[in-house]
Amino acid sequence: MSEDYDIAVIGGGLVGAALAWGVAGEGRRIAVLDEGDVALRAARGNFALVWVQGKGLGLPEYAAWTARSAEAWPDFAAALGAETGIDLGYRRPGGFHLALSEAELERRAAMLQRLHNQAPPYEVRILGRAETKRMLPAIGPDVAGASFCPLDGHVDALRLFRALHAGLQRRGGRYLADRAVDTIAHRGGEFRLATKNGEVRAGKIVLAAGLGNARLAPMVGLAAPVRPQRGHILVTERLAPFLHHPMATLRQTREGGVMIGDSQEEAGFDNGVDTRVAAAMAARAVRAFPLLARANVVRIWAALRVMTRDGFPIYEQSASCPGAFVVTCHSGVTLAAVHATALAPEIAAGKLAPERGVFAAKRFDVPAAA
Amino acid sequence: MFRRLPDAAATLTVTVDGAPVAARAGESVAAALLAAGKLRFRDTPASGAARGPYCMMGVCFDCLVAIDGAGNRQACMVPVRDGMAIETQTGARKIER
């Protein structure tokens, strides 16, 4: 038995779902091939920031792409919300990156100065302690200051994930569960995806399988050198609102839970919880907001980021198998807006915009030093 | 609704929302409130619906009350003490208490 589609997206996480929703409609036959419930799923483990500040050092095009997505988020959230009846809870009150010492603040300022010299298309301000405290009254005595970016915001990432899938179905796309792709063949301008539950054929394919892209990309003449990078998240009981801005490592959700996040660990494919990491994160959170010492942590989990060596996305169409695209990044939430509204139409049209060229994987093919 | 088994445990007094309530040494805050006829321990932060003890074994987190000024304590897991000040809760806990 075989099934035929115009575009098959491999991977049903946030990246795949955003692209699939974006290309669905206009009579196109779209399918998303997903793994089962046990898939490594950053879409269900992430910190849910729509975040701009500090991103793009070393690649101005990434800074611009990120800022463009943050600018597109309000319309994207409104459109997806209206289409599905799901309120994504997107808010953009501006975000902080707190410094817990003068030295941290100086390092932060120096990094942002280097970024500023690249002329990033967004504004970041360094705030002293007094100004930070005026906007975040609950900070503790260790907070020396902060950087602040008005474009930064946050969202309910699980609702975003749900809404993209609901929107895909509304637009007539098919979601195929338990269809991990074993092999991909390209014959006669058509892609044949072998899964244990039958073959799927498609005119175009998008590799959006996260860490799975590393295995899949070479099957169609592409490369996706990505590795897992573990991050922990702690979440407290629901508390009455007292944090009205998201921070890089701490935010209060709309329901009231405080999420503490952003550890970065090289632990291979182990997504288990390490209480030593969690304890260090909690201690730092209490230095930032001493009142948090009173809060009960109700859940801790770890998830795996999909990281390239330089931390930037890979967007590329195969030269040897035209119609095969690879899309991978570690910012599936922030970039959901541009993935759905800018990248998806390019994929549907069969041609990535020339400015995506900097995101091709050949940047990793550095010749050996002489 | 709930009736205590006959036993010889000493009687002590706690307050619930300021009113004195008799309790028995060795029982949990949740048991003492249920025996006193109190079913509504809190309103949820999400919908405002009433909540009371469900599992009585520390799993469901539905019996949350404030005890001696600290919010969101599991009433079923805390033994009563003489003079304990217990308060039912409305909405989300405030971080200050």
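Residues numbered from 1 in each chain as written. Chains lettered and ligands numbered in written order. Predicted model: local features only at pLDDT ≥ 70, side-chain atom pairs only at ≥ 80, totals over all residues.

Colleague: What exactly am I supposed to notice about the packing of helix H1 (residues 14-23) of chain A against helix H8 (residues 336-349) of chain A here?
Modeller: Packed helix pairs are specified by the crossing angle of their axes together with the interaxial distance, meaning the distance between the axes. All names here are of chain A. At a closest axis distance of 8 Å, the pairing of H1 and H8 adopts a crossing angle of 55 degrees. The angle between the axes of H1 and H8 places the two elements in the oblique class. Two packed elements cross with a definite hand, and for H1 against H8 that hand is right-handed. Across the interface between the two elements, Leu14, Val15, Ala18, Leu19, Trp21, Gly22 and Val23 from H1 touch Ala336, His339, Ala340, Thr341, Leu343, Ala344, Pro345, Ile347 and Ala348 from H8. (Axes fitted to C-alpha atoms, helices over the stretch in contact; angles between N-to-C directions. Helix = DSSP H or I, 4+ residues; strand = E, 2+ residues; numbered from the N terminus. Parallel < 35°, antiparallel > 145°, perpendicular 65-115°, else oblique. Left-handed = near helix turned anticlockwise from the far one by under 90°. Contact = placed C-beta atoms within 7 Å.)

Colleague: Quick question: what am I supposed to make of the sheet that holds strand S14 (residues 257-260) of chain A here?
Modeller: Strand pairing in a sheet takes place through backbone hydrogen bonds and is either antiparallel or parallel in direction. Residues and elements named next belong to chain A. In space, the 4 strands of this open sheet follow the order S13-S14-S12-S15, with antiparallel pairing throughout. The open sheet has two edge strands, strand S13 (250-252) and strand S15 (297-307), and neither has a second partner. Strand-to-strand twist across the sheet, computed as the mean angle between neighbouring axes with direction ignored, equals 20 degrees. Inspection of the sheet shows strand S12 (residues 227-238) paired to S15 by 10 bridges, in the antiparallel sense. Across the sheet, residue arginine 230 finds its bridge partner in S15, namely leucine 304. Strands S12, S13, S14 and S15 of the sheet are contacted by helix H7 (residues 275-288), whose axis makes an angle of about 55 degrees with S12. (Pairing = 2+ DSSP bridges.)

Colleague: Could you clarify how one ought to interpret the nonpolar core in this entry?
Modeller: It is characteristic of soluble globular proteins that their nonpolar side chains tend to be buried jointly. The biggest cluster of nonpolar side chains holds 116 residues, and the ones touching the most others in it are Ala8, Ile10, Leu19, Ala20, Val206, Leu207 and Val327 of chain A. No other element matches helix H2 (residues 60-84) of chain A, which puts 9 residues into this core. With sequence-adjacent residues up to four places away left out, leucine 207 of chain A is seen in contact with Ile10, Asn213, Leu216, Ala217, Ala224, Phe325, Val326 and Val327 of chain A. Membership of the second largest hydrophobic core comes to 19 residues, among which are Ala23, Ala30, Ala31 and Cys76 of chain B. (Core = buried A, V, L, I, M, F, W, Y, C linked by C-beta atoms within 7 Å. Buried ≥ 20, exposed ≤ 12 C-beta atoms within 10 Å, placed from the backbone.)

Colleague: Where do I start with the domain arrangement of chain A in this structure?
Modeller: Often the size quoted for an interface is simply the accessible area lost on bringing the parts together. All names here are of chain A. Assigned domains within chain A: domain 1 (2-49 + 158-226 + 310-364), domain 2 (95-150) and domain 3 (227-307). Distance from the C-alpha centre of domain 1 to the C-alpha centre of domain 3: 29 Å. If you look at the interface, domain 1 gives 12 residues, while domain 3 gives 14 residues. Among the residues forming the side of domain 1 that touches domain 3, the class breakdown is 6 nonpolar, 6 polar and no charged. (Domains from an automatic or database assignment. Nonpolar A, V, L, I, M, F, W, Y, C, P; charged D, E, K, R; others polar.)

Colleague: It is not clear to me how the sheet that holds strand S3 (residues 42-43) of chain B should be interpreted in this structure. Could you clarify?
Modeller: Residues and elements named next belong to chain B. If you trace the 3 strands from one edge of the open sheet to the other, you get S4-S3-S8, paired in mixed fashion. Since the sheet does not close on itself, it has two edges, and those belong to strand S4 (50-51) and strand S8 (89-90), each with one partner. Here S3 runs beside S4; their pairing, made up of 2 bridges, is antiparallel. Bridge pairing in S4 places aspartate 43 opposite alanine 50.

Colleague: Looking at this structure, I do not really get the confidence of the model for chain B. What am I missing?
Modeller: Detailed reading of the predicted coordinates is not advisable wherever pLDDT is low. The share of residues in chain B with pLDDT of 70 or more is 99%, and the mean pLDDT across the chain is 93. Two numbers describe this predicted complex: its pTM, 0.92, and its ipTM, 0.80. (pLDDT = per-residue confidence, 0-100.)

Colleague: Teacher, can you tell me more about the interface of chain A and chain B here?
Modeller: With 11 residues of chain A in contact, the opposing surface of chain B contributes 9 residues. Classifying every residue of the side of chain A that touches chain B by side-chain character gives 5 nonpolar, 2 polar and 4 charged.

Colleague: What am I meant to see in H8 of chain A here?
Modeller: All names here are of chain A. Taking 1.5 Å per residue as the helical rise, H8 with its 14 residues ought to reach 20 Å, and the 19 Å between its terminal C-alpha atoms agrees with that figure. Of the positions making up H8, those classed as buried are Ala336, Ala337, Val338, His339, Ala340, Leu343, Ala344 and Ile347. Packing partners of the buried residues in H8 comprise H1, H2, helix H5 (157-170), strand S11 (198-207), strand S16 (314-317) and strand S17 (324-328). Of the residues flanking the end of H8, it is glycine 350, one or two places downstream, whose phi is positive at about 85 degrees. (Expected span 1.5 Å × (residues − 1).)

Colleague: How should I be thinking about the environment of arginine 24 of chain B in this particular structure?
Modeller: Residues and elements named next belong to chain B. With respect to the helices and strands, arginine 24 occurs in strand S2 (residues 19-24). Since 16 C-beta atoms lie within 10 Å of it, arginine 24 is described here as partly exposed. Along the sequence, arginine 24 and glycine 48 sit 24 residues apart, while their C-alpha atoms lie 31 Å from each other. Ignoring any residue separated from it by four or fewer positions in sequence, one finds arginine 24 in contact with Arg4, Ala9 and Thr11.

Colleague: Which parts of the structure should I look at to understand the environment of alanine 288 of chain A?
Modeller: All names here are of chain A. With respect to the helices and strands, the residue alanine 288 is situated in helix H7. Residue class for alanine 288 comes out buried when judged on the 23 C-beta atoms lying within 10 Å of it. With 188 residues separating them in the primary sequence, alanine 288 and leucine 100 have C-alpha atoms 7.0 Å apart. Look past the residues within four positions of alanine 288 in its chain and what remains in contact with it is Leu98, Leu100, Ile139, Gly140, Val143 and Leu250.

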